[in-house]
Amino acid sequence: MTEQPIMLKSLLRQRHWQTYSTFCREYDKAAKKVDPALAGRWPSRAQLHRWLSGELKGLPYADHCRVLEAMFPGLTAQELFSAETAAAAAVPAPRSTQDNTPAPDPCEDARFADVTAVFSSRSAFSAAYPPASLLDGAKEINACGLSLNVICQSYPDHQLTRLLDNGTRIRCLFLDPKGEAIKAREREEHYTDGTLQTLTALNISMLTRLRDRLDPEAAERLEIHVYDETIRFNILIVDGSTCVVQPYLPAARGVDSPTLVITDNTAADGLFPVFDQVFTSMWERSKPV
C-alpha cells in the first residue's frame, strides 16, 4: 500500500465524486464518450476500494484505464495510480491562481466525511426523507433500534409485502420487549407503565403476522431478531449505500434525537463503515423471533 494517497483518490475528493454512486455516474458519462459498450461496466465497490487504497500491483484492465483517462483529461492511468506527490505536477493549478475564484477548501471532505445531511430531530428528518422515498424500490433493508417505527408504523403493510414479493431482503433488529435493557430505557425516558415494551411487542407482532401471510420464499426474506443490550443507536441502512443514524439521548424520546444521513463513501474515510459494522455485530449477537 502506498504511503501517500494516490492521485485518483485526491482528484475524486477535489471534484466531490467520492461517493460510489457519484463515481459510477461520472464513470458512465466518460465511458459513453470512449465506447458506448463500456457504459455500466464500472468497478464494484470492492474493486474501487482496492484502486483507491493503493493495493493494486499494476493498473486496472485496459478498458477501465481508457475510461479513467477520459474522466481526467491530461492524466494517464499510470499517473492516476501513482502516489499523489509523484503526480502532483500533472494536476492543473487551483482555480484561485487562474481566475481569482477561491480554490475548494482541502479540509471540506475531512470535516463532513460521508455525512450528507444533519437534522435536529427525527421529525425534521422525516419531513425531508419520507419513508417511501427511502424504502420504495430497495433491494436490502437493515434496521436496528428500539421499536423500528419507520418500518412498522410509517410504512404500509402492502408496500412491505410488495418489496418482499419482489425479492427485497429485510432484517429488523428490535430491543427485546422481554429483556432488561428496554426496562432500563423506559426508566431513562420516565415511563412507568411498560409503554416501550408494549409498543415494541406490538410492532414485532405486526411483522410476524405479515410474514405468516407471505409465501415461503418471500417469508424467508423477512428476518426478525431481538437483542438485549444498552441501546445506543437507531440505524437504518438501505441498499448498502444510505445509512440513517440516530443516537439515543439521556431522558429524551427517540423522536427528539438528532439524525444523520450518511452516504456510502468508498473513496474517503467516513462513518458509513462504522455504523454498518455496528449493525452487523449486533445482528450476529441477536436471536431470531
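Rules used throughout
- Position numbers for residues count from 1 along each chain, tracking the sequence in the order it is written.
- Reporting in this predicted model follows two pLDDT cut-offs: at least 70 for local features of residues, and 80 or more for side-chain atom pairs to be given and counted; totals over whole chains, interfaces and linings ignore these cut-offs and use all residues.
- Values reported for side chains reflect all heavy atoms of the structure, with hydrogen atoms and water molecules removed beforehand.
- By salt bridge we mean one thing: a side-chain nitrogen of Lys or Arg within 4 Å of a carboxyl oxygen of Asp or Glu.
- Secondary structure elements follow DSSP: runs of H or I of four or more residues count as helices, runs of E of two or more count as strands, with numbering from the N terminus.
- Exposure classes here rest on a 1.4 Å probe applied to the protein chains alone. A residue is buried below 20% of its type maximum, exposed above 50%, and partly exposed in between.
- Along the arc lie the directions from the helix axis toward the C-beta atoms.
- Being paired, for any two strands, means DSSP has found at least two bridges between them.
- A contact between two residues is defined here by any heavy atoms of the two lying within 4.5 Å.
- A fitted line through C-alpha atoms serves as each axis, taken over the contacting stretch for helices, and the angle formed by two N-to-C directions is quoted from 0 to 180°.
- Think of a 1 Å grid over the protein atoms and nothing else: a 1.4 Å probe that fits but is trapped marks a cavity, an open set flanked by protein within 12 Å on at least five of seven lines marks a pocket, and residues with an atom within 4 Å of a point count as lining.
- Grid points are joined across faces, edges and corners, and a volume is the space filled by probe spheres set on the points.
- Three classes are used: nonpolar for Ala, Val, Leu, Ile, Met, Phe, Trp, Tyr, Cys and Pro, charged for Asp, Glu, Lys and Arg, and polar for all others, with Gly counted as polar.
- Residues grouped as a nonpolar core are buried Ala, Val, Leu, Ile, Met, Phe, Trp, Tyr and Cys residues, joined through side-chain atoms within 4.5 Å.
- When two rings of Phe, Tyr or Trp (its six-membered ring) have centres within 6.5 Å they constitute a pair, described as stacked for plane angles under 30 degrees, edge-to-face for angles over 60, and tilted for the intermediate range.
- By definition, being over a ring means that NZ of Lys or CZ of Arg is both within 6 Å of the ring centre and within 35 degrees of the ring normal.

- Where an unreviewed UniProt entry is consulted, the protein appears under the name DUF5919 domain-containing protein, with the organism given as Microbispora catharanthi.

## Some points on the pattern of salt bridges
Thinking step 1. In this structure the tally under the stated criterion is 13 salt bridges.
Thinking step 2. Glu188 serves as the salt-bridge partner of Arg185, at 2.7 Å between the closest nitrogen and oxygen. Taken together, the residues Arg185 and Glu188, both in helix α12 (residues 180-188) and 3 residues apart, mark about one turn of the helix.
Thinking step 3. In this structure, the salt-bridge partner of Arg253 is Asp256, at a minimum N-O distance of 4.0 Å.
Thinking step 4. Residue classification places Arg253 among the partly exposed positions, given a relative accessible area of 46%.
Thinking step 5. Salt bridges sharing common partners tie together Arg41, Asp63 and Arg66.

## Points about helix α4 (residues 62-71)
Thinking step 1. Residues His64, Cys65, Val67, Leu68 and Met71 constitute the buried set of α4. Down the axis, α4 shows its buried residues gathered within 165 degrees of arc, on one side only.

## Details of the sheet that holds strand β6 (residues 242-247)
Thinking step 1. Pairing is mixed in the open sheet, where 8 strands are placed in the order β1-β7-β6-β5-β2-β3-β4-β8. Looking at the sheet topology across the chains shown, the edges are occupied by β1 (115-119) and β8 (287-288).
Thinking step 2. Alignment of β1 against strand β7 (residues 259-263), held across 4 bridges, turns out to be antiparallel. Considered in β7, the bridge of Val118 is made with Leu260.
Thinking step 3. Where helix α15 (residues 272-285) meets the sheet, its contacts fall on β2 (140-144), β3 (169-175), β4 (222-227), β5 (233-238), β6, β7 and β8, and the angle it forms with β5 comes to roughly 105 degrees.

## Description of the environment of Arg187
Thinking step 1. Position of Arg187 relative to the elements: it lies in helix α12.
Thinking step 2. It is 8.5 Å that separates the C-alpha atoms of Arg187 and Ala251, two residues lying 64 residues apart in sequence.

## A look at the layout of surface pockets
Thinking step 1. Of the volumes computed, that of the second largest pocket is approximately 480 Å³.
Thinking step 2. If you trace the second largest pocket, you find 24 residues lining it, with Arg122, Asn149, Asn234, Gly254 and Val255 closest to the centre.
Thinking step 3. Among the secondary structure elements, those contributing two or more residues to the lining of the second largest pocket are α8 (122-128), α10 (149-152), α13 (195-213), β5 and β6.
Thinking step 4. The residue makeup of the lining of the second largest pocket, split by class, is 13 nonpolar, 8 polar and 3 charged.

## Some remarks on the nonpolar core
Thinking step 1. Grouped together as the largest cluster of nonpolar side chains are 31 residues, with contacts concentrated most on Leu135, Ile141, Ile151, Phe174 and Leu236.
Thinking step 2. One finds Met7, Leu8, Val67 and Phe72 within the second-largest nonpolar core, a separate group that totals 23 residues.

## Concerning the packing of aromatic side chains
Thinking step 1. If you walk through the whole model with that rule in mind, you get 8 aromatic pairs.
Thinking step 2. Considering the side-chain rings of Phe125 and Tyr129, the 5.3 Å spacing of their centres and the 15 degrees angle between planes classify their relative orientation as stacked.
Thinking step 3. Residue classification places Tyr129 among the partly exposed residues on the basis of a relative accessible area of 26%.
Thinking step 4. Here Phe233 and Phe275 contribute two aromatic rings whose centre-to-centre distance is 5.1 Å and whose plane-to-plane angle is 80 degrees, an arrangement assigned as edge-to-face. Of this pair, Phe233 sits in strand β5 while Phe275 is found in helix α15, placing the two residues 42 residues apart along the sequence.
Thinking step 5. For Phe233, a relative accessible area of 28% gives the class partly exposed.
Thinking step 6. Within the aromatic cluster, the residues linked to one another by ring pairs are Phe119, Phe125 and Tyr129.
Thinking step 7. In this structure, Arg171 packs its charged tip against the face of Trp283, placed 5.1 Å from the ring centre.

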